[in-house]
Amino acid sequence: MKKIIVILGCAAVLLSACGKKDNQNQTDEQQQVQEQTAAETLAQTAQQNDAAMLQKAGETDVTLDDEPLPPAKYFEDEITKKINGDSQNLETVFSDLSDAQQYYFCAAFAMGAMSAAKPITASVMVTYFMGLGVAKYNIGINDKTYMAFNAGKNMFMHENLVNKILENKSCENMINDAMEYAKKQKITVEDLDKLGQVEVEKAVEYIKATE
């Protein structure tokens, strides 16, 4: 867990430094507020699932911004039902996913890992991760990719599944490959954020539909 958080944390620091100049060029304040709200919704959802996992392990004082967390919402879809909390099922189901589905699964998992340590940083990274998916696979959030995204964020309901993902480094490698692709293609952080903003809005709508 620490390793992937450190890797993503370093990426966040780099993005933060690169993004300062980009932020100065944004003039539509209303759009910024909407984007931030959407990003925070995704990051908070992931952290709520983290909190539920910790509470199952015996932690009772898990809070977000010093306020009690509402009950974590676990939405089961086709993928999560197939995994059913079993690590062997996880490997089989993951291997059957398309490349784009695997990426969005891992993007959600990575955001969840970051939100456990630095929820604000995770919020900033949401559009970047979503933009990477569109840039590399030319596929955004749809019914199939959202199922994978949902499964990825819900992995934190099962400690054994989190450990398995960290052990086999499947998501670590997937995220690193996407970052390397963006670097080789010279895709800017600003461009990735723009691509990701649209996908964040789609994901939030899917989340709202399950509430």
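Quick note: structure is the one above.
These notes cover the structure that comes with them. Throughout this document, residue positions are counted from 1 along each chain, in the order its sequence is written. Only residues with pLDDT of at least 70 get local features here, since the model is predicted, and only at 80 or more are side-chain atom pairs given and counted; chain-wide, interface and lining totals rely on the full set of residues. The basis for the side-chain values is all heavy atoms of the structure; hydrogens and waters are excluded.

## Some thoughts on helix H10 (residues 189-209)
Because each turn of an α-helix spans 3.6 residues, side chains separated by three or four positions end up pointing in the same direction.
Part 1: Secondary structure is summarised from DSSP: a helix means a run of H or I of at least four residues, a strand means a run of E of at least two, and numbering begins at the N terminus for each. Each residue after the first adds 1.5 Å to the expected span of a helix. Look at H10: 30 Å from first C-alpha to last across 21 residues, which is about the 30 Å you get at 1.5 Å a residue.
Part 2: We define the bend at any residue as the angle between the axes fitted to the seven residues before and including it, ending there, and the seven starting there. Remark: the principal bend of H10, roughly 25°, maps to Gly-196.
Part 3: Exposure classes here rest on a 1.4 Å probe applied to the protein chains alone. A residue is buried below 20% of its type maximum, exposed above 50%, and partly exposed in between. The set of residues buried in H10 consists of Val-189, Leu-192, Gly-196, Gln-197, Glu-199, Val-200, Ala-203, Val-204 and Ile-207.

## Structural notes on the state of the cysteines
Part 1: Pairs of cysteine sulfur atoms within 2.5 Å are what we label disulfides. Summed over the entire model, instances satisfying the criterion amount to 1 disulfide.
Part 2: A sulfur-sulfur distance of 2.3 Å marks the disulfide that ties Cys-106 to Cys-171. Negative torsions about the S-S bond denote left-handed disulfides, and the value of about -75° found for Cys-106 with Cys-171 makes this one left-handed. In this pair, Cys-106 sits in helix H5 (residues 99-117) while Cys-171 sits in helix H9 (residues 170-184), placing the two residues 65 residues apart along the sequence. Take Cys-106 and Cys-171: they sit in the same class, and that class is buried.

## Remarks on the pattern of salt bridges
Part 1: Whenever a carboxyl oxygen of Asp or Glu lies within 4 Å of a side-chain nitrogen of Lys or Arg, that contact is scored as a salt bridge. Here the structure, examined in full by the defined rule, presents 5 salt bridges.
Part 2: For the salt bridge of Lys-164 with Glu-91, the shortest nitrogen-to-oxygen distance reads 4.0 Å. Placement of Lys-164 in helix H8 (residues 159-168) and of Glu-91 in helix H4 (residues 87-96) is noted, with a sequence separation of 73 residues between them.
Part 3: With a relative accessible area of 40%, Glu-91 lands in the partly exposed category.
Part 4: Close ionic contact of Glu-190 with Lys-194 constitutes a salt bridge, the shortest N to O distance being 3.8 Å. Taken together, the positions of Glu-190 and Lys-194, both in helix H10 and 4 residues apart, correspond to about one turn of that helix.

## Regarding the packing of aromatic side chains
In this description, an aromatic ring pair is defined by two values, namely the gap between the centres and the angle between the planes.
Part 1: Stacked, edge-to-face and tilted labels apply to pairs of Phe, Tyr and Trp rings (six-membered ring for Trp) whose centres lie within 6.5 Å, assigned for plane angles under 30 degrees, over 60, and everything in between, in that order. Enumeration over the complete set of coordinates arrives at 7 aromatic pairs.
Part 2: On the basis of an interplanar angle of 80° and a centroid distance of 5.4 Å, the ring pair of Tyr-103 and Tyr-104 is categorised as edge-to-face. Each member of the pair, Tyr-103 together with Tyr-104, is buried.
Part 3: A network of ring pairs unites the aromatic residues Tyr-103, Tyr-104 and Tyr-137 as a single cluster.

Shape descriptors only; they carry no functional weight alone.
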